[in-house]
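Letter by letter, the chains look like this.
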Amino acid sequence: MPKIIAVAGKGGTGKTTLCGLIIKHLASIEKGQVLAVDADPNSNLNEVLGVQAPETLGDIREIVLKNTSGESRPGGMTKQEYMDFMFGDALAEEDDFDLLVMGRTQGEGCYCFINGILRGQIDKYAGTYSHIVIDNEAGLEHISRGTLPKVDTLILVSDCSRRGIQAAGRAAILVEDLKLKPETLKLVINRAPNGELAEGVLEEVKAQNLDLLGIIPQDENIYRYDSEGKPTVDVPEDSPIKVAVKKILKEINLT
């Protein structure tokens, strides 16, 4: 079975950029053996990775439900069988990794439904990969719904504010309450000026009983690449953020 790494955090913490850098680094070691999963309805992991977004699971579900009648399904398939068949189009095969995008659907309660579809697809493909890296939606939604698959490593991402650390603390409590039981649950603090944290922030980390894995410094390369429309995972290897991410992955034996 693959190692499943999930990255979670509130919006604006740089969660997706960190997730992309983890995918990029693992893919450089395990070519073709990494599945990147964009589990955020506002999908943009593909932009960070610099690849074309595939059709999403949500898009495919809507197309099948809207346009497929009993007579037009091939081979006498049921609607569910045909939908499962069509979901294969949501997997984009890149040179170094594959990408699966959840997307969104229409109507009431669809987030829970599409989350279930996503989990089923992850289970379906699990045996094919050495690593699965999941970029979760902003906030605590995936955690609170209990829709994450069994995760080996859960990384909570925060900015370097006390409020951000408190949000990460609440997420960690939810993980415990829901008995998700990841083997590793760590905190990463992103965009720290000069890679350093104020004493008050470190005190808050301790107060929230969080295990601080690493600190990622503010990196102007990320801003520059993003403003120029370049994939942020392609910043130079000696960029502060890439150096920090490699150190973080080494700390949890993912390199």
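Peer 1: In this structure, what is going on with the packing of helix H7 (residues 162–177) against helix H8 (residues 199–207)? I would like to understand it.
Peer 2: The relative placement of two packed helices comes down to the angle between their axes together with the axis-to-axis distance. Interhelical geometry of H7 versus H8 gives an angle of 10° and a closest axis separation of 9 Å. On the basis of the axis angle, H7 is roughly parallel to H8. Between H7 and H8, the contacting residues are Arg 162, Ile 165 and Gln 166 on the first element and Gly 200, Val 201, Glu 203, Glu 204 and Val 205 on the second. Within the contact of H7 with H8, the residues separate by chemical class into three nonpolar, two polar and three charged.

Peer 1: How do you make sense of the packing of aromatic side chains when you look at a structure like this?
Peer 2: Two aromatic rings, taken as a pair, are described by how far apart their centres are and by the angle between their planes. Within this structure, the stated rule accounts for one aromatic pair. Each ring, one from Tyr 82 and one from Phe 85, has its centre 6.4 Å from the other, and the planes form 20°; the classification is stacked. Of the two residues, Tyr 82 and Phe 85 both sit in helix H4 (residues 79–86), three residues apart, roughly one turn of that helix. The ring of Tyr 225 carries the charged tip of Lys 230 above its face, separated from the ring centre by 5.0 Å.

Peer 1: Can you help me understand the environment of Ser 158 in this one?
Peer 2: Along the chain, Ser 158 turns up in strand S6 (residues 153–158). With 10 residues separating them along the chain, Ser 158 and Ala 168 place their C-alpha atoms 6.5 Å apart. Sequence-distant contacts of Ser 158, defined by excluding residues within four places in its chain, comprise Thr 13, Gly 164, Ile 165, Leu 187, Val 188, Ile 189 and Asn 190. For Ser 158, the side chain forms a polar contact with the main-chain oxygen of Gly 164, separated by 3.2 Å.

Peer 1: Would you take a moment to explain the sheet that holds strand S7 (residues 184–192) for this structure?
Peer 2: Strand-to-strand pairing in sheets goes through backbone hydrogen bonds, with the strands running parallel or antiparallel. The eight strands are arranged S3-S4-S2-S5-S1-S6-S7-S8 in an open sheet whose pairing can be described as mixed. The strands lining the two open edges of the sheet, one partner per strand, are strand S3 (91–93) and strand S8 (212–217). Adjacent strand axes in the sheet meet at a mean angle of 20°, parallel and antiparallel pairs treated alike. With six bridges joining them, S6 and S7 adopt parallel strand pairing.

Peer 1: What should I look at first to understand unusual backbone geometry in this one?
Peer 2: Negative phi is the rule for most residues except glycine; trans is the rule for most peptide bonds. One non-glycine residue with positive phi stands out, namely Lys 179, at about 55°. Along the chain, the position of Lys 179 falls in the loop between H7 and S7. For Lys 179, a relative accessible area of 61% corresponds to the exposed category. Even without glycine at this site, Asn 209 takes up a positive phi of about 55°. One can find Asn 209 in the loop between H8 and S8.

Cut-offs and rules
Residues numbered from 1 in each chain as written. Predicted model: local features only at pLDDT ≥ 70, side-chain atom pairs only at ≥ 80, totals over all residues. Heavy atoms only, no water. Axes fitted to C-alpha atoms, helices over the stretch in contact; angles between N-to-C directions. Helix = DSSP H or I, 4+ residues; strand = E, 2+ residues; numbered from the N terminus. Parallel < 35°, antiparallel > 145°, perpendicular 65-115°, else oblique. Contact = heavy atoms within 4.5 Å. Nonpolar A, V, L, I, M, F, W, Y, C, P; charged D, E, K, R; others polar. Phe/Tyr/Trp six-rings, centres within 6.5 Å; stacked < 30°, edge-to-face > 60°. Lys NZ or Arg CZ within 6 Å of the ring centre and 35° of its normal. Polar contact = N/O pair within 3.5 Å; in protein donor to acceptor, adjacent residues only side chain to side chain. Pairing = 2+ DSSP bridges. Buried < 20%, exposed > 50% of the residue type's maximum accessible area, 1.4 Å probe, protein only.

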